[in-house]
Amino acid sequence: MAQGNPKYQKQVYKGLIALLPCTSPKAQQLALQTVRIVQEIVKVAHPSIVEPLLNLLRSLHLEVQYEAIELIQDLVHYDVRPALLKGLVALLKPAKEGIQTPKILNAAEMTSLPESLPVFVQQAAAAKAIRTLAQAGPALSGELLALGVVPHLLCAVGNQRHADSQRQASLALEVSTRPASTWL
């Protein structure tokens, strides 16, 4: 649709971005794959893509997370790069209001249960994306360091309620703090 119709390329692109928040994991996966293809055709990243893309890192479906991280890797070459990197770093330290507990668990005897899983899944996926970006080279790694990624990664490493957050953050920390001489 985008290749054969240059007049409507941007409309197709925006329509695909509008599909990202849908509830179907298969539709999300296919939309992400198609956005990657159309992104090369359009050659300009729309700023509205950042928020829904980062929200897809909450998905419990690994294929959706994989496609989201692949798209993030593509988008760091466009003008949405600062917002994308800043958003990824912010996801490592989730705000208390972002952690939702089902209403049934608000009873006094249930308050010791852990916070919602999607926020921690998103935290782990953000750390994985940061690791992948930091492995791309010293330029991206330097930008992440300038955004204060290290304290945020340490926060994720200290997450005792989600082992994958700890694992992904420690791997990202190792790559992000690599000495410059090892990049040669």
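Since the model is a prediction, treat every value here as computed from it, not as a measurement. In this convention, every chain numbers its residues from 1, walking through the sequence in written order. Residues qualify for local features only when their pLDDT is at least 70, as the model is predicted, and side-chain atom pairs are given and counted only at 80 or more; totals for whole chains, interfaces and linings, by contrast, use all residues. Working from all heavy atoms in the structure, the side-chain values ignore hydrogens and water.

### Quick look at the overall build of the protein chain
Stated precisely, the cut-off is as follows: Each helix corresponds to a stretch of at least 4 residues labelled H or I by DSSP, and each strand to a stretch of at least 2 residues labelled E; elements are numbered beginning at the N terminus. The buried label goes to any residue with under 20% of its type's maximum accessible area, the exposed label to any with over 50%, and the partly exposed label to all in between, with areas taken from a 1.4 Å probe on protein chains only. Every residue pair with non-hydrogen atoms within 4.5 Å of one another is taken to be in contact. In these tables, accessible area is a Shrake-Rupley quantity obtained with a 1.4 Å probe, and a residue counts as shielded only by the protein chains included in the view.
Within the protein chain one finds nine helices and zero strands. Every one of the 184 residues in the protein chain was classed for burial, and the buried ones make up 41%. Restricting the contact set of the protein chain to residue pairs at least 6 apart, pairs at least 24 apart contribute 70%. Approximately 10,100 Å² of the protein chain is accessible, and the part contributed by carbon and sulfur atoms is 58%.

### Description of helix α1 (residues 9-19)
The condition is simple: For this quantity, the arc is that covered by the directions from the helix axis to the C-beta atoms.
The complete set of buried residues in α1 reads Q9, V12, Y13, L16 and I17. The arc that holds every buried residue of α1, seen down its axis, measures 140 degrees, which confines them to one face. Exposed residues lying more than 90 degrees from the buried face of α1 are K10, Q11 and A18. Buried positions along α1 lie against α2 (25-42) and α3 (50-55).

### Structural notes on the nonpolar core
Our working rule: Note on terminology: a nonpolar core comprises buried Ala, Val, Leu, Ile, Met, Phe, Trp, Tyr and Cys residues joined through side-chain atoms within 4.5 Å.
Residues I49, L57 and L88 are the most contacted members of the largest nonpolar core, which totals 47 residues. Broken down by element, the residue count for this core peaks at seven residues, all from helix α6 (residues 117-135). Every residue in contact with I49, bar those within four places of it in the chain, is listed here: Y13, I17, L20, V35, L71 and L75.

### Focus: the pattern of salt bridges
We apply this condition: For this analysis, a salt bridge means a side-chain nitrogen from Lys or Arg found within 4 Å of a carboxyl oxygen belonging to Asp or Glu.
All told, the structure shown has four salt bridges when counted by the stated rule. Where R81 meets E143, a salt bridge forms, and the shortest distance between an N and an O atom there is 2.6 Å. Pair noted here: R81 is in helix α5 (residues 81-91) and E143 is in helix α7 (residues 138-146), with a separation of 62 residues, a long-range link. Under the relative-accessibility criterion, E143 is labelled partly exposed at 32%. Each of the salt bridges in this network shares a partner with another, and the network as a whole consists of R36, E70 and D74.

### Some points on the environment of Q3
With respect to the element layout, Q3 can be found in the segment before α1. Sequence separation of Q3 and V38 is 35 residues, and the distance between their C-alpha atoms is 7.9 Å.

### As for helix α8 (residues 149-157)
Along an α-helix, residues three or four apart share an orientation, since each turn contains 3.6 residues. Restricting attention to buried positions, one finds in α8 the residues V149, L153 and A156. Along the long axis of α8, the arc covered by the buried residues comes to 55 degrees, so they all point the same way. Contact partners of the buried residues in α8: α5, α6, α7 and α9 (163-176).

### Regarding the packing of α5 against α7
Put simply, the test is: Geometry is summarised by axes, namely lines fitted to C-alpha atoms with helices restricted to the contacting stretch, and by angles between N-to-C directions that run from 0 to 180 degrees. Orientation is classified from the angle alone, with under 35 degrees giving roughly parallel, over 145 giving roughly antiparallel, 65 to 115 giving roughly perpendicular, and any other angle giving oblique. By the definition used in this description, the sense in which the near helix is turned from the far one sets the handedness, with an anticlockwise turn below a right angle giving left-handed and a clockwise turn giving right-handed.
The interhelical angle for the contact between α5 and α7, taken along N-to-C directions, is 60 degrees, at an axis separation of 10 Å. By the angle between their directions, the pair α5 and α7 is classed as oblique. Of the two possible hands of crossing, α5 and α7 adopt the one that is right-handed. In contact with R81, L85 and V89 of α5, α7 contributes A139, L140, E143 and L144.

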